[in-house]
Amino acid sequence: MTTTLPAPATGRTTVRATIPDVRNRIPIRQAIANSLTMAYRGVLKIKHNPEQLFDVTFQPIIFTLMFTYIFGGAISGNVHSYLPVIIPGILVQTVITTSIVTGTQLREDMDKGVFDRFKSLPIARISALAGALTADMVRYGIATVLTITMGLIMGYRPGGGAVGVIAAAVVIVVCSFAVSWIFALMGVLMKSASAVQGTSMMILFPLTFMSSAFVPVKTMPGWMQTFVNINPVTHLVYACRDLMNDGNFASSHLGWSLLGAAVVVLIFAPLTVRMYMRKA
């Protein structure tokens, strides 16, 4: 860009200088690299603050023990028969609930001015958001492994074998990543981390408990069965049971779960990015 500068004091000549047109355009490759760097930062935060893992370490153990021994005899006659029902249900509930942390930590970082400091760096502005969501997948993985391990210790033997269990774990992590975009949007829009956490729990508690995760749907009132049958958590629980207990990859519930995850990402990812870019 060429700019005309004022003439010197003599008034005889005009000085023309070429000033570079600087624009904040980050190549896609660099944006991905920046996002991975931010994801590594998120993992380091977990390393230096291990108390952040309390929810994904203690909750799977406590919930698995509590629900199995409370409901096992009443629903399936004994604990061993109840394990194929409860382990996939607890797995879905635990990992989905863990996705709330995405929104709360995002809000905390924005309140502390962390993202304001990132804006002064020559990095893609979206990398902080993308990195945070990517780092939280580590939490989902930890919660998944602990829940399955606890079930195996208690005597659960998945009929789908290792392949079915791994496939179910991947499906849950993918769906939880999709759900995390909803809570990330809440983290961007709401004014405090406590508001994000409180509202998120109000949304997730009905979805997880009014599902097929813990008890047979046929034992519920008719009006509740209608909600439970269309509840996306119910489809995810059934999909995980099909994979873990039977190794069934052709389940319609699996298709609905993956389709639902794709729809959530397509809707909430652009909204979250747009609102984040306005505030970042």
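Quick caveat, the model's predicted, so the values are computed rather than measured. (Residues numbered from 1 in each chain as written. Predicted model: local features only at pLDDT ≥ 70, side-chain atom pairs only at ≥ 80, totals over all residues. Heavy atoms only, no water.)

Caption draft 1: The packing of helix H3 (residues 79-98) against helix H7 (residues 161-189), seen in detail. Their axes nearest at 9 Å, the elements H3 and H7 cross at an angle of 35°. Handedness of the H3/H7 crossing: right-handed. Of H7, the residues touching H3 (which contributes Leu-91, Val-92, Val-95 and Ile-96) are Ile-172, Ser-176 and Val-179. Residues that form the contact of H3 with H7 fall into these classes: six nonpolar, one polar and no charged. (Axes fitted to C-alpha atoms, helices over the stretch in contact; angles between N-to-C directions. Helix = DSSP H or I, 4+ residues; strand = E, 2+ residues; numbered from the N terminus. Left-handed = near helix turned anticlockwise from the far one by under 90°. Contact = heavy atoms within 4.5 Å. Nonpolar A, V, L, I, M, F, W, Y, C, P; charged D, E, K, R; others polar.)

Caption draft 2: Summary view of helix H2 (residues 54-76). Here H2 spans 30 Å end to end across 23 residues, near enough to the 33 Å set by a 1.5 Å rise per residue. Gly-77 sits one or two positions beyond H2 and adopts a positive phi of about 95°. (Expected span 1.5 Å × (residues − 1).)

Caption draft 3: Summary view of the pattern of salt bridges. Within the structure shown, the criterion is met by two salt bridges. Asp-109 serves as the salt-bridge partner of Arg-41, at 3.9 Å between the closest nitrogen and oxygen. Placement of Arg-41 in helix H1 (residues 28-48) and of Asp-109 in helix H4 (residues 100-111) is noted, with a sequence separation of 68 residues between them. Look at Arg-41 and you get partly exposed, because its relative accessible area is 26%. Judged by its relative accessible area of 11%, Asp-109 is buried. (Salt bridge = Lys/Arg side-chain N within 4 Å of Asp/Glu carboxyl O. Buried < 20%, exposed > 50% of the residue type's maximum accessible area, 1.4 Å probe, protein only.)

Caption draft 4: Quick look at empty space enclosed by the protein. Throughout the structure, instances matching the rule amount to two cavities of 30 Å³ or more. Looking at the largest cavity, its volume works out to about 160 Å³. If you go around the largest cavity, you meet 17 residues; those closest to its centre are Gly-42, Lys-45, Gln-105, Ala-132 and Asp-136. Of all elements in the fold, only H1, H4 and helix H6 (127-154) reach the threshold of two or more residues within the lining of the largest cavity. When residues in the lining of the largest cavity are grouped by element, the largest group, six residues, is from H6. Across the lining of the largest cavity, the residue classes tally to seven nonpolar, five polar and five charged. When its volume is computed, the second largest cavity comes out at roughly 70 Å³. Phe-115, Phe-118, Lys-119, Arg-125 and Tyr-276 are, among the eleven residues lining the second largest cavity, the residues nearest its centre. Elements with a contribution of two residues or more to the lining of the second largest cavity: helix H5 (114-118) and H6. (1 Å grid on protein atoms, 1.4 Å probe; cavity = no way out; pocket = protein on both sides within 12 Å on 5 of 7 lines; lining within 4 Å. Points joined across faces, edges and corners; volume = space filled by probe spheres on them.)

Caption draft 5: Representation of the packing of H2 against H3 within the structure. Between H2 and H3, the least distance of the axes is 9 Å, while the angle of their chain directions is 145°. Where H2 crosses over H3, the handedness of that crossing is right-handed.

Caption draft 6: Main features of the layout of surface pockets. One number sums up the size of the largest pocket: a volume of about 380 Å³. Taken together, the elements giving at least two residues each to the lining of the largest pocket come down to H7, helix H8 (193-209), helix H10 (232-246) and helix H11 (252-279). Taken together, the residues of the lining of the largest pocket sort by class into 15 nonpolar, three polar and no charged. Lining the second largest pocket we find Asp-55, Gln-59, Thr-97, Thr-98, Ile-100, Val-101, Thr-104, Gln-105, Glu-108, Ala-193, Gln-197 and Met-201. Contributing elements (two or more residues each) for the lining of the second largest pocket: H2, H3, H4 and H8.

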